[in-house]
Amino acid sequence: MTLITTLMVIAVAFIISTLLGFAIIPALKRMNFGQSIREEGPESHQKKAGTPTMGGLIFLGSIIVSTLLLSYIINDTLTTQTIVLLLVLVGFGVIGFLDDFIIIVLKRNLGLTSLQKLIAQIIVAIAAFFLLKLGPFSTVVQIPFTDLNIDLGIFYILFLVFWLVGFSNAVNLTDGLDGLVAGTSSFAFGAFGILALVYKQQDIAIFSFVVTGAMLGFLVFNMKPAKTFMGDTGSLALGGVLAMLSILIKQEFLLVIIGVVYVVETLSVIIQVISFKLTGKRVFKMSPIHHHFELSGWSEWKVVIVFWGIALLAAVIPVLLEVL
């Protein structure tokens, strides 16, 4: 892929995402698909109540249409790896959609139970694994920036399930501020797109850059003050497919660096829960950690910009080290 082709891929996904935004957001408003806000959250968030959620449909639609279109235009085919990525995207997206739908439309505050959500995510992950196994697929994982490789053998399926479910929920936890996940994911998918080109996996590069463009298009509507939120519909899908990208290019653990924002957000929740259960005290004013900074006096915009900066560095540094 040339630079011109890469920019074209990003531009097509961006345009489709933007057009879908102008069509879908009014529809969400008409159907009263408004977000409810946690009472214990930062007081400044209460004014966001009623903002249309399930906006993840905007970029999910763009990703699906753009990937199908551009894969045939550029590659003349839809590879098994691309099909796996679309399976994970749609599978996790449907789980998130059902969760959002139950909460917003059926007015059941808890949505899907944690167990229901977990079982559904595991099923999608296992389906993706067996689809991959139809062709040549390595169960070896590489330790980044070393020559150390570990063959997990039959245990790779457990790793894959853990990886997809873990990062799906990590991105979901991070999605709490206007533009936060849309921006950080743009950097992460862009990084994997460049790595896929380096490893000569053009089909994966196309998908990665499609997601980058789609997220930039969604950011038009998700920047503060957000006109829509992605909801679980979008965040669960993004996390799952990001993890699958790291698996397909065989740089699984590099995702811990590129997705460091999601890792830290998740760790902050785990630390908070363990600390409160063991000592009755909280380490953070509120978790995930982006709320801690808000309650410490940072503006929402400052938190987002700082986290974007961290995500950008986390995306650029590994790519430079791999390329150089």
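Provided above is the structure to which this section pertains.
Keep in mind that this is a model prediction, so the values were computed, not measured. (Residues numbered from 1 in each chain as written. Predicted model: local features only at pLDDT ≥ 70, side-chain atom pairs only at ≥ 80, totals over all residues. Heavy atoms only, no water.)

## A closer look at the overall build of the chain
Helix and strand counts for the chain stand at twelve helices and two strands. Listed by position from the N terminus, the elements making up the chain come as α-α-α-α-β-β-α-α-α-α-α-α-α-α. What you see for the chain is a C-alpha radius of gyration of 19 Å, in line with the 20 Å of a compact globule of 324 residues. For the chain, buried positions account for 52% of its 324 residues. In the chain, of all internal contacts separated by at least 6 residues, the share reaching a separation of at least 24 is 75%. As displayed, the chain offers around 14500 Å² of accessible surface, 71% of which is attributable to carbon and sulfur atoms. (Helix = DSSP H or I, 4+ residues; strand = E, 2+ residues; numbered from the N terminus. Rg over C-alpha atoms; globule rule 2.2 N^0.38 Å. Buried < 20%, exposed > 50% of the residue type's maximum accessible area, 1.4 Å probe, protein only. Contact = heavy atoms within 4.5 Å. Areas by Shrake-Rupley, 256 points an atom, 1.4 Å probe, with all protein chains shown as cover.)

## Describing the environment of L78
With respect to the secondary-structure elements, L78 resides in the loop between α2 (56–75) and α3 (80–104). Taking the C-alpha atoms as reference points, L78 and T2, separated by 76 residues in sequence, lie 19 Å from one another. Beyond its immediate chain neighbours, meaning those up to four positions away, L78 contacts L68, S71, Y72 and I83.

## Thoughts on the packing of aromatic side chains
Within this structure, the stated rule accounts for 14 aromatic pairs. Consider the rings of F97 and F101, whose centres lie 5.9 Å apart with planes at 25 degrees: the pair is stacked. Here F97 pairs with F101, and both are found in helix α3, just four residues apart, close to one helical turn. In this structure F97 comes out as partly exposed when scored by relative accessible area, which is 28%. Ring centres 5.5 Å apart and planes at 55 degrees place the aromatic pair Y156 and F159 in the tilted group. Of this pair, Y156 and F159 both sit in helix α5 (residues 156–174), three residues apart, which is roughly one turn of the helix. When sorted by exposure, Y156 lands in the same class as F159, which is buried. Ring pairing ties together the aromatic residues F137, Y156, F159, F162, W163, F167 and F253, which thus form one cluster. Cation over ring: K302 sits above W298, and NZ or CZ is 4.5 Å from the ring centre. (Phe/Tyr/Trp six-rings, centres within 6.5 Å; stacked < 30°, edge-to-face > 60°. Lys NZ or Arg CZ within 6 Å of the ring centre and 35° of its normal.)

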